[in-house]
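Coordinate inspection notes
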Amino acid sequence: MGLDIPGATGSRPDAVPLDESGAEDLLRGICFKTGPPRTVGVELEWLIHDRERPDLPVGRERLDSAVEAVRALPLSAALTFEPGGQLELSSRPAGSLMECVDTTAADLAAVRASLGAAGLAPVGLGVDPWQPPRRRLREPRYEAMEAALDRAGPAGRAMMCTSASVQVCLDAGEEEPGPLGYGRRWQLAHLLGAVLVAAFANSPFQQGRRTGWRSTRQSLWADLDPGRTLAPGSGSAPREAWAAHVLDTTVLCIRREEGPWDVPEGLTFREWIRTGSPRPPVRADLDYHLTTLFPPIRPRGHLELRMIDAQSGPDGWLVPLAVTTALFDDPEAAETVYRAVKPLAETAGSPAAPRNPLWTTAAREGLADPELRAAATVCFGAALPALERMGASGAVRDTVAAFTDRYVARGRCPADDLPEPGDLTGRSLLTDRNLLADRSPLTGPVPPAGPAVPTGPVDRPARGPERLDAGPPTIPPTPPRPGKAASA
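Residues numbered from 1 in each chain as written. Predicted model: local features only at pLDDT ≥ 70, side-chain atom pairs only at ≥ 80, totals over all residues. Heavy atoms only, no water.

Observations regarding the pattern of salt bridges
- By the definition in use, this model includes 32 salt bridges.
- Note that R256 and D262 form a salt bridge whose closest N and O atoms lie 3.7 Å from each other.
- In this structure R256 comes out as partly exposed when scored by relative accessible area, which is 38%.
- D262 gets classed as partly exposed once you look at its relative accessible area, which sits at 28%. (Salt bridge = Lys/Arg side-chain N within 4 Å of Asp/Glu carboxyl O. Buried < 20%, exposed > 50% of the residue type's maximum accessible area, 1.4 Å probe, protein only.)

Some words on the packing of helix α16 (residues 370–389) against helix α17 (residues 394–406)
- At a closest axis distance of 10 Å, the pairing of α16 and α17 adopts a crossing angle of 170°. Relative to α17, the element α16 lies roughly antiparallel. Where α16 approaches α17, its residues F380, L384, L387 and E388 are matched on the opposing element by R397, V400, A401, F403 and T404.
- Of the residues that constitute the contact of α16 with α17, the class distribution is 6 nonpolar, 1 polar and 2 charged. (Axes fitted to C-alpha atoms, helices over the stretch in contact; angles between N-to-C directions. Helix = DSSP H or I, 4+ residues; strand = E, 2+ residues; numbered from the N terminus. Parallel < 35°, antiparallel > 145°, perpendicular 65-115°, else oblique. Contact = heavy atoms within 4.5 Å. Nonpolar A, V, L, I, M, F, W, Y, C, P; charged D, E, K, R; others polar.)

Points about the pairing of strand β5 (residues 165–171)
- Most of β5 is tucked away, with 7 of its 7 residues classed as buried.
- Two strands pair when backbone bridges link them, and strand β1 (residues 40–50) and β5 are joined in this way by 5 bridges, in the antiparallel orientation. Looking at the pairing, E43 lines up with Q167 of β5.
- Direction of pairing for β5 relative to strand β9 (residues 302–309): antiparallel, over a ladder of 6 bridges. Bridge pairing in β9 places V166 opposite I308. (Pairing = 2+ DSSP bridges.)

What about the confidence of the model for the protein?
- Taken as a whole, the protein shows an average pLDDT of 86; of its residues, 83% reach a score of 70 or greater.
- Here residues 1–13 is modelled with pLDDT under 50, and outside its nearest four sequence neighbours on either side it reaches 45 contacts, counting other chains as well. (pLDDT = per-residue confidence, 0-100.)

Focus on unusual backbone geometry
- Looking along the chain, the bond that leaves S277 and enters P278 is cis, with omega of 10°.
- Put simply, A353 and P354 share a cis peptide bond, and its omega is 5°.
- With respect to the helices and strands, the residue P354 is situated in the loop between α14 (344–348) and α15 (357–365).
- Phi at Q207 is positive, roughly 50°, even though this residue is not glycine.
- Secondary-structure assignment places Q207 in the loop between β6 (205–206) and β7 (209–210).
- With relative accessibility at 28%, the residue Q207 sits in the partly exposed group.

Side note on the side chain of R298
- Mapped onto the fold, R298 is located in strand β8 (residues 297–300).
- By relative accessible area, R298 is classed as buried at 1%.
- A polar side-chain atom of R298 sits 3.4 Å from the main-chain carbonyl oxygen of T291.
- Engagement of the side chain of R298 in a polar contact is seen with the backbone oxygen of L293, the distance being 2.8 Å. (Polar contact = N/O pair within 3.5 Å; in protein donor to acceptor, adjacent residues only side chain to side chain.)

Topic: the packing of aromatic side chains
- Counting across every chain of the model gives 9 aromatic pairs.
- Residues F380 and F403 carry aromatic rings whose centres are separated by 5.9 Å and whose planes lie at 15° to one another, so their mutual orientation is stacked. Taken as a pair, F380 in helix α16 and F403 in helix α17 lie far apart in primary sequence, 23 residues in all. Taken as a pair, F380 and F403 share a single burial class, namely buried.
- Positioned above the aromatic ring of W46, the side-chain terminus of R112 is 5.2 Å from the ring centre.
- The ring of Y182 carries R239 above its face, with NZ or CZ at 4.6 Å from the centroid. (Phe/Tyr/Trp six-rings, centres within 6.5 Å; stacked < 30°, edge-to-face > 60°. Lys NZ or Arg CZ within 6 Å of the ring centre and 35° of its normal.)

Section: helix α3 (residues 97–117)
- With 21 residues, α3 should cover 30 Å at 1.5 Å per step; its first-to-last C-alpha distance of 30 Å lies within 8% of that length.
- Of all 21 residues that make up α3, 15 are buried, and the element is covered over most of its length. (Expected span 1.5 Å × (residues − 1).)

Observations concerning the pairing of β1
- Most of β1 sits out of view: 11 of its 11 residues are buried.
- Here β1 shows no split at all, with V40, V42, L44, W46, I48 and D50 on one side and G41, E43, E45, L47 and H49 on the other all buried.
- As paired strands, β1 and strand β3 (residues 87–90) are joined by 4 bridges and run antiparallel to one another. Looking at the pairing, L44 lines up with L89 of β3.

A look at the packing of helix α12 (residues 318–329) against helix α13 (residues 331–341)
- Look at α12 against α13: their axes get within 5 Å of each other, and the N-to-C directions meet at 90°. One way to sum up the angle between α12 and α13 is to call them roughly perpendicular. Along the contact surface, α12 presents A326, L327, F328 and D329, while α13 presents P331, A333, A334 and V337.
- Considering only residue class, the contact of α12 with α13 consists of 7 nonpolar, no polar and 1 charged.

A few points about the nonpolar core
- Among the nonpolar cores identified, the biggest contains 103 residues, and L87, L192, W317, L321, L327, V341 and F380 are the most heavily contacted of them.
- It is helix α6 (residues 182–199) that provides the largest number of residues to this core, a total of 12 residues.
- Among all residues touching V341, those that are not within four sequence positions of it are L188, L191, L192, V195 and C379.
- Counting residues in each nonpolar core, the second largest holds 20 residues, with M145, M160, L224 and C253 among its members. (Core = buried A, V, L, I, M, F, W, Y, C linked by side-chain atoms within 4.5 Å.)

What about the environment of G266?
- Along the chain, G266 falls in the loop between α9 (238–247) and α10 (269–275).
- Once the C-alpha coordinates of G266 and V251 are considered, the two residues, 15 residues apart in sequence, prove to be 7.6 Å apart.
- The residues touching G266, leaving out its near neighbours within four places in the chain, are T250 and E271.

In structure tokens:
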């Protein structure tokens with residue numbers, strides 16, 4: 001979810017208050033860092049389940065021990081844990097797609113082996129199909145986030161504690177217009193994003209039953225506080241639109257050094273600057289505010305594409321990473337795909353993503369929708385030769401080709417392969433989907449479970465201590481309502 005930033009635990013902020021024009025200048029300067037696309041990164045979130053009984057919750061002490069073992073690993077990626085205990089690996093910016101794939105595959109092999117020693121496994125599904133939301137991290141920012149998101153209904157808790165994704169991070173693009181220009185890439189992302197939702201939809205269940213959505217995860221994001229999850233309006237240039245959107249979105253919380261954080265209601269960041277109450281905001285507050293906005297594409301200097309469900313199997317994650325990178329960074333593929341998805345703007349209409357008809361259909365229907373299937377066919381067809389031009393390995397191209405043949409060519413998505421709700425017990429779901437497959441064309445066999453990794457003192461990220469607390473279940477989410485198109 002990308003909620004972690006330096007200072008997010010309430011460290012003393014800079015003492016210089018922001019003014020409105022200064023905040024706008026900062027936002028315009030940091031949201032799109034332009035230049036030729038060169039780097040790529042990926043953020044992988046995983047649900048953690050028992051290998052033998054994935055339908056049962058993992059106990060607190062057992063998860064704590066597994067967390068400490070994973071933290072002791074010498075990983076290239078940054079390791080964090082989400083409020084419900086989901087594991088997240090955030091790769092370093094890589095100079096090429098293959099560098100990103102190779103380092104991430106090595107990290108995942110080590111993580112799988114460590115979890116396997118505890119009888120656990122990382123599972124790639126967009127929403128936990130069994131468990132209700134149960135927040136395990138007890139920190140001021142998550143207490144405040146839960147309180148704020150509860151105002152819009154139960155989707156916030158479900159998102160925080162039971163969802164997982166593949167987030168692809170790409171350079172913003174060049175300043176000049178053209179296939180690699182940042183303006184074109186920004187527009188492309190908001191149309192291609194719906195195709196990615198549909199092609200990789202992998203979360204049709206919630207608490208043991210079908211929800212009516214191929215991507216329940218995407219429906220949860222659309223059901224959150226609408227200002228916080230919407231893309232900015234399309235009437236202005238990207239920098240100006242994003243700066244205005246940030247300042248006009250409500251503040252989720254106001255950090256305090258001690259005690260609970262304040263959770264104001266209806267206070268936009270712009271109003272906070274103008275009133276200076278309960279204290280004047282400073283640069284650190286703006287930085288934190290940015291991390292509490294969850295649009296489908298978040299500009300953080302680079303573009304963070306946040307709409308893809310977690311994928312099953314040891315190498316499922318690399319397909320959205322490879323396809324998305326190829327379609328954005330290969331000029332020929334980018335031009336082909338832009339022409340293919342541009343007509344989708346008419347279906348999307350004027351509402352911002354993800355609350356428009358295009359994104360709603362993608363989440364509900366997947367590639368069963370003929371228009372999205374046609375666009376996906378062009379996109380995946382363009383990705384394969386682009387990957388060859390980019391120097392992707394044969395294993396990566398074969399994995400993408402297999403996904404294309406199994407799903408895109410048949411108008412299907414991963415959610416369509418999942419069993420019926422009555423089979424959601426024991427190991428049936430994991431067995432049917434090969435979620436715990438022990439062989440990867442990238443890394444070979446995943447190492448068997450061995451002795452637990454020593455769990456002595458380890459360095460933790462700057463995000464502060466995380467206390468995993470099983471606690472009582474939070475309010476169970478209600479199933480998304482198929483007729484509620486505006487909030488789907």
